[in-house]
Amino acid sequence: MQQTSIREDVILQFVSRALSDEGFRASLADDPEAAQKSLSLSLTDAELQLLDEFGRLLQQHGPEALEELIMQELQQPGERGG
Amino acid sequence: MAIVNADLATARAEAVLEASRRIIEDACQSDWHRSKLRPLLAVGARQVGESPLMPAVQLPLLAHESVRPLDERALELAGICLLSYLAIDAFDNVADREVPPEWDGMSASDVLLSASSIFAGLVYKRLAELRAWDATAEVARALWEMSYGQFLDMTPWQSDEPERPSLRERYLQMAQLKAGRQFELYAALGATGAGADEGNLSLIREFALNLGIAGQLTSDCADFFLPAGGKDIENGKLTLPIALLSEAGGGDVASALQDIERHIDDLRAEARRRGILTLCFGVIACYRARARSALDSLTLPAPSRDVAHSMLDFLAARSLFGGA
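Residues numbered from 1 in each chain as written. Chains lettered and ligands numbered in written order. Predicted model: local features only at pLDDT ≥ 70, side-chain atom pairs only at ≥ 80, totals over all residues.

Asks: Describe the packing of helix 6 (residues 133–154) of chain B against helix 7 (residues 167–193) of chain B, listing the residues and the values that go with them.
Replies: Residues and elements named next belong to chain B. With their axes 8 Å apart at the nearest point, helix 6 and helix 7 run at an angle of 165° to one another. By the angle between their axes, helix 6 is roughly antiparallel relative to helix 7. Once helix 6 is placed against helix 7, the crossing between them reads as left-handed. For the pair helix 6 and helix 7, contact is made by Asp134, Ala135, Glu138, Val139, Ala142, Glu145, Met146, Tyr148, Gly149, Gln150, Leu152 and Asp153 and by Arg170, Gln173, Met174, Leu177, Lys178, Arg181, Gln182, Leu185, Ala188, Leu189, Thr192 and Gly193, respectively. Looking at side-chain class alone, the contact of helix 6 with helix 7 contains 11 nonpolar, six polar and seven charged residues. (Axes fitted to C-alpha atoms, helices over the stretch in contact; angles between N-to-C directions. Helix = DSSP H or I, 4+ residues; strand = E, 2+ residues; numbered from the N terminus. Parallel < 35°, antiparallel > 145°, perpendicular 65-115°, else oblique. Left-handed = near helix turned anticlockwise from the far one by under 90°. Contact = placed C-beta atoms within 7 Å. Nonpolar A, V, L, I, M, F, W, Y, C, P; charged D, E, K, R; others polar.)

Spelled out as C-alpha cells, the structure:
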C-alpha cells in the first residue's frame with residue numbers, strides 16, 4: 001500500500017538544500033534516488049513523488065527562473081478564500 | 001487559466017445564490033428586516049459573479065455528489081454554506097478594516113449584527129427546520145474551532161503564544177483553523193446531508209481542509225511578495241514568508257521584522273535572495289498534493305471532477321503543479 005503522508009519539514013529541507021547546494025542540484029539530475037537518500041530521511045511514496053516533481057522543476061528552470069515563474073503564478077487572479 | 005466546465009460551475013453558483021436569497025427572504029419578518037441582510041447578499045452576488053468556483057458554493061455540492069446525485073436539499077445546504085461564508089467574511093472585513101462597497105453607509109456594529117444574526121441564528125434555525133442534526137453539530141464545532149483561528153490571526157505575531165513556540169507552526173495552525181476548517185465545514189455539510197459513510201466523509205474532509213490551507217498560503221504569499229500587496233503587513237498579520245524569514249534569521253532580519261511596515265521592501269528583497277518564495281511554494285505544494293490525493297480517491301462524475309480540479313488550480317499554486 002502506498003504511503004501518502006507528506007511532511008512540510010521534509011520538503012523544506014529538500015528545497016533548502018537544492019537552493020543552496022549546486023552539487024546536490026546536479027546529483028538530482030544524475031541520480032535522483034541517491035540525491036534524495038543523501039538527505040538521510042526516510043521518505044514516504046507521496047513525498048518521493050513530490051520531491052521528484054520539485055527536482056524536475058529545479059532542473060528544468062534553475063532556482064532563479066523558478067522563482068520568477070512562481071512570481072508569475074502569484075500574479076494570476078485566484079479565487080477568494082471562501 | 002480557464003475553468004474547465006465553467007458553465008457547470010456558473011450554473012451551480014447561481015442556483016446556490018438563489019437558494020441563499022430564498023432562505024433570507026423566507027426567514028425575515030418584514031421588508032425592513034430583509035433590508036438589513038440584503039447587503040450581505042449583494043456582496044455574495046458580486047463575489048459569485050467574479051468567482052463561480054467559490055468553495056462555499058461548490059464544495060458542498062461536490063461533497064454531496066460524491067455520495068449521490070444533487071437534489072433540492074443539497075442546494076439548500078449549499079445556500080446555508082454560502083450564507084455562513086458571507087457572514088464570516090463580513091466579520092473578517094470589519095476586523096481587517098476592508099469593508100466592501102455594498103456595506104456603504106452602515107456602521108461596523110450594524111455589519112457585525114447582520115453577520116452574527118446569520119451565523120449565530122439563521123443558519124441554525126434553517127438547519128433545525130431541515131432536521132439536519134449532524135450538520136447542526138458540525139457547524140457548531142467548526143465555528144468554535146474557527147474562532148480560535150481568528151484569535152490567532154488577529155493577535156500580533158510578535159506576541160507570545162506559548163503553546164506554539166515556532167512561528168511556522170503557529171501560522172500553519174491558524175491557516176488550518178481558519179481557511180482549512182472553513183472549507184472542511186462546507187464539504188462536511190454537503191457530505192453529511194447526502195448521508196456519506198465515514199470513509200467518504202473522511203476523504204472529502206481531507207480534500208477540503210488541504211485545499212483551504214493551500215489557498216490561504218497562496219493568498220498570503222501573494223500579499224507578501226507582490227508589490228501591490230502588503231495588506232496583511234498593514235494589519236500586523238503573521239504569514240508564511242514572515243515565519244520562514246524569521247526562522248532563517250541572521251543579519252538585520254530580526255530587527256527589520258520588528259518594524260516590518262517600514263522595512264517591507266528590504267524584507268521582500270531579502271526573502272527573494274534567500275529563496276523564501278521557493279520554500280513557501282514547497283509548503284503550498286505539500287498541501288496541494290494532500291488535497292489532490294484525497295480528490296483522486298473520491299467518486300465523482302467527470303464534469304464535477306473537472307470543477308474540483310479547477311478549484312485546486314485556482315486556489316493553490318495554479319499551473320506550475322497543474323499536472324501533479
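Text resumes after the structure shown.
Asks: Please give an account of the interface of chain A and chain B that cites residues and values.
Replies: Facing the 28 residues of chain A at the interface are 39 residues of chain B. The set of elements that each furnish at least two residues to the side of chain A that touches chain B consists of helix 1 (8–20), helix 4 (45–61) and helix 5 (63–75) of chain A.

Asks: Pulling in residues and values, what's your account of helix 1 of chain A?
Replies: With 13 residues, helix 1 of chain A ought to run about 18 Å at 1.5 Å a step, and its terminal C-alpha atoms sit 18 Å apart, in line with that. Inspection of helix 1 of chain A places Val10, Ile11, Phe14, Val15, Ala18 and Leu19 of chain A among the buried residues, and these make up the whole buried set. An end-on view of helix 1 of chain A places all buried positions within 155° of arc, on one side of the element. Of the residues in helix 1 of chain A, the exposed ones pointing more than 90 degrees away from the buried face are Asp9 and Ser20 of chain A. Structurally, helix 1 of chain A contributes buried residues whose contacts are with helix 2 (22–30), helix 4 and helix 5 of chain A together with helix 13 (276–297) of chain B. (Expected span 1.5 Å × (residues − 1). Buried ≥ 20, exposed ≤ 12 C-beta atoms within 10 Å, placed from the backbone. Arc of directions from axis to C-beta.)

So, to be careful, I would describe these as geometric facts and stop short of saying anything about function.
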